[in-house]
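Spelled out, the chains give:
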Amino acid sequence: MTELIDLAKNWLAQDPDPSTRAELQELIENNDSTALAERFSSRLEFGTAGLRGALGAGSNRMNRVLVGQAAAGLGRYLGAGSSVVIGFDGRLNSDVFAKDSAEILAGMGLKVFLVDGYAPTPLISFATRYLGVSAGIMVTASHNPRNDNGYKLYLGGSFQGSQIISPVDSDIEKEIEYIAEHETFQSLSKSNNYSVIGEDLREAYLLAVLNKVPKVSNPKLKIVYTPMHGVGYTSASKIFDRAGFNEIIPVIEQMQPDGRFPTVEFPNPEEKGALDLAKKLAEETKADLI
């Protein structure tokens, strides 16, 4: 228990986030060995999917300290003169994790591009190729439960914007572990010397998608669409419109990005959430559900 308390206090001393600091302070004061062990008995592993886990304090949770370590570890792996594009979705703290990463990587001397608002995940894979950068970071947990977040990584060059594979993941993890052992969140150099991008990149992405779309054979097809509180509607609606379809029929209850996912049941959203709403709207509008 003493070791757990020491680990928690060391983490608390560098945690810049008031919410996770309060969480951790309460666990320490209550000597909650079970909860502390869940948070500090291991680290979230950096694998082929990057990082992914529940939000919260500690090395086994997604938080600003862990993400800062990941960003700095990636910076060490890529090296001086490298470049990175960073995007984020509407999950809780995605924007914070993205901004921290941009500041840390810029502080290490890398050229950094931060997307100016919510981005669908494929945009960052595309941006890695389109901008010719060394790597792309997408802050998202994909389909994971609402309290999760994650950190996807794409590589440029010969990887052509594809997601990392072994042994790259283990090589990056070694650098992250080095940072965790030798630096704190506060000791990492940070800089606002990064570029904010958006409109031109999104337009290039839409054009690239449309170049892959065959000619519309039935433009009057009625299509129900839901982003399930994600960030895909802006891109999807423009693609359908430019491809020649009638305006898609949105599931209004799920249109706004919301990291709490209030109308979606996890881990099986198809049981009570998006699909039920889409089916209901399809019946009301006599639309084709695809």
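Note: the structure precedes this text.
Remember, predicted model here, so these are calculated numbers, not experimental data. (Residues numbered from 1 in each chain as written. Predicted model: local features only at pLDDT ≥ 70, side-chain atom pairs only at ≥ 80, totals over all residues. Heavy atoms only, no water.)

S.K.: With reference to specific residues and values, describe the overall build of the protein.
M.R.: Within the protein, the secondary structure is distributed over 11 helices and 9 strands. The C-alpha atoms of the protein give 21 Å as radius of gyration, which agrees with the globular expectation for 290 residues (19 Å, within 12%). Burial statistics for the protein: of 290 residues in total, 49% are counted as buried. Residue pairs at least 24 apart in sequence account for 70% of intrachain contacts in the protein once pairs closer than 6 positions are excluded. Approximately 14,200 Å² of the protein is accessible, and the part contributed by carbon and sulfur atoms is 49%. In the protein, 28 positive and 37 negative side-chain charges are present, and the distance between their average locations comes to 7 Å. (Helix = DSSP H or I, 4+ residues; strand = E, 2+ residues; numbered from the N terminus. Rg over C-alpha atoms; globule rule 2.2 N^0.38 Å. Buried < 20%, exposed > 50% of the residue type's maximum accessible area, 1.4 Å probe, protein only. Contact = heavy atoms within 4.5 Å. Areas by Shrake-Rupley, 256 points an atom, 1.4 Å probe, with all protein chains shown as cover. Lys, Arg positive; Asp, Glu negative; His and termini not counted. Charge placed at Lys NZ, Arg CZ, Asp CG, Glu CD.)

S.K.: So what about the packing of aromatic side chains? Which residues, and what values?
M.R.: Under the counting rule described, the total for this entry stands at 6 aromatic pairs. Aromatic pair Tyr225 and Tyr233: ring centres 6.1 Å apart, planes at 40 degrees, arrangement tilted. Of the aromatic side chains, those joined through ring pairs into one cluster are Phe126, Tyr130 and Tyr205. Here the basic side chain of Arg76 rests over the ring of Tyr178, its NZ or CZ set 3.9 Å away from the ring centre. (Phe/Tyr/Trp six-rings, centres within 6.5 Å; stacked < 30°, edge-to-face > 60°. Lys NZ or Arg CZ within 6 Å of the ring centre and 35° of its normal.)

S.K.: Explain helix H6 (residues 121-130) to me, and be specific about the residues and the numbers.
M.R.: Among the residues making up H6, those that are buried are Leu123, Ile124, Ser125, Phe126, Ala127 and Thr128. On its buried face, H6 is in contact with strand S2 (83-88), strand S3 (111-115), strand S4 (135-139), strand S5 (148-155) and helix H8 (199-210). Looking at the residues trailing H6, positive phi occurs at Gly132, about 65 degrees.

S.K.: Describe helix H4 (residues 64-78), listing the residues and the values that go with them.
M.R.: Given a rise of 1.5 Å per residue, 15 residues ought to cover 21 Å, and the 21 Å separating the end C-alpha atoms of H4 matches this to within 8%. At the N-terminal end of H4, a side-chain oxygen is found 3.2 Å from the backbone nitrogen of Val65, two or three residues along, and the residue is Asn63. Among the residues trailing H4, Gly79 stands out with phi positive, at a value near 90 degrees. (Expected span 1.5 Å × (residues − 1). Polar contact = N/O pair within 3.5 Å; in protein donor to acceptor, adjacent residues only side chain to side chain.)

S.K.: Would you mind going over the pairing of S5 in detail, with residue names and values included?
M.R.: Among the 8 residues in S5, 8 count as buried, and that is most of the element. Here S5 shows no split at all, with Asp148, Gly150, Lys152 and Tyr154 on one side and Asn149, Tyr151, Leu153 and Leu155 on the other all buried. By the bridge criterion, 4 bridges tie S4 to S5 in an arrangement that is antiparallel. Along S5, the bridge assignment pairs Ile137 with Leu153. Note: S5 against strand S6 (residues 162-163), 2 bridges, orientation antiparallel. Across the sheet, the residue bridging to Tyr154 is Gln163, located in S6. (Pairing = 2+ DSSP bridges.)

S.K.: Outline the packing of helix H1 (residues 2-14) against helix H2 (residues 18-29), listing residues and values.
M.R.: Axis separation between H1 and H2 bottoms out at 10 Å; the angle between their running directions is 155 degrees. Accordingly, the angle class assigned to the pair H1 and H2 is roughly antiparallel. Crossing angle aside, the handedness with which H1 passes H2 is left-handed. Contact residues: Ile5, Ala8, Lys9, Trp11 and Leu12 in H1; Arg21, Leu24, Gln25 and Ile28 in H2. Looking at the contact of H1 with H2 residue by residue, the classes come out as 6 nonpolar, 1 polar and 2 charged. (Axes fitted to C-alpha atoms, helices over the stretch in contact; angles between N-to-C directions. Parallel < 35°, antiparallel > 145°, perpendicular 65-115°, else oblique. Left-handed = near helix turned anticlockwise from the far one by under 90°. Nonpolar A, V, L, I, M, F, W, Y, C, P; charged D, E, K, R; others polar.)

S.K.: I'd like a rundown of the packing of H6 against H8, residues and numbers included.
M.R.: Remark: H6 packs on H8, axes separated minimally by 10 Å, with the N-to-C direction vectors making an angle of 100 degrees. It follows from the interaxial angle that H6 and H8 lie roughly perpendicular. From H6, Pro122, Leu123, Phe126, Ala127 and Tyr130 reach across to H8, where they touch Leu201, Arg202, Ala204, Tyr205 and Ala208. When grouped by side-chain class, the residues that make up the contact of H6 with H8 number 9 nonpolar, no polar and 1 charged.

S.K.: Tell me about the pattern of salt bridges, and please be specific about residues and values.
M.R.: Where charged atoms from two side chains of opposite charge approach closely, those side chains can pair. The full count for this structure, using the stated rule, is 9 salt bridges. Measuring nitrogen to oxygen at the nearest pair gives 2.8 Å for the salt bridge that ties Arg39 to Glu23. Residue Arg39 is found in helix H3 (residues 33-40), and its partner Glu23 is found in helix H2; the two are separated by 16 residues along the sequence. In this structure Glu23 comes out as partly exposed when scored by relative accessible area, which is 21%. With a shortest N-O distance of 2.8 Å, Glu175 and Arg76 are connected by a salt bridge. With Glu175 in helix H7 (residues 168-182) and Arg76 in helix H4, this residue pair connects regions lying 99 residues apart in the sequence. Through salt bridges that share partners, Glu23, Glu38, Arg39 and Arg61 make up one connected network. (Salt bridge = Lys/Arg side-chain N within 4 Å of Asp/Glu carboxyl O.)

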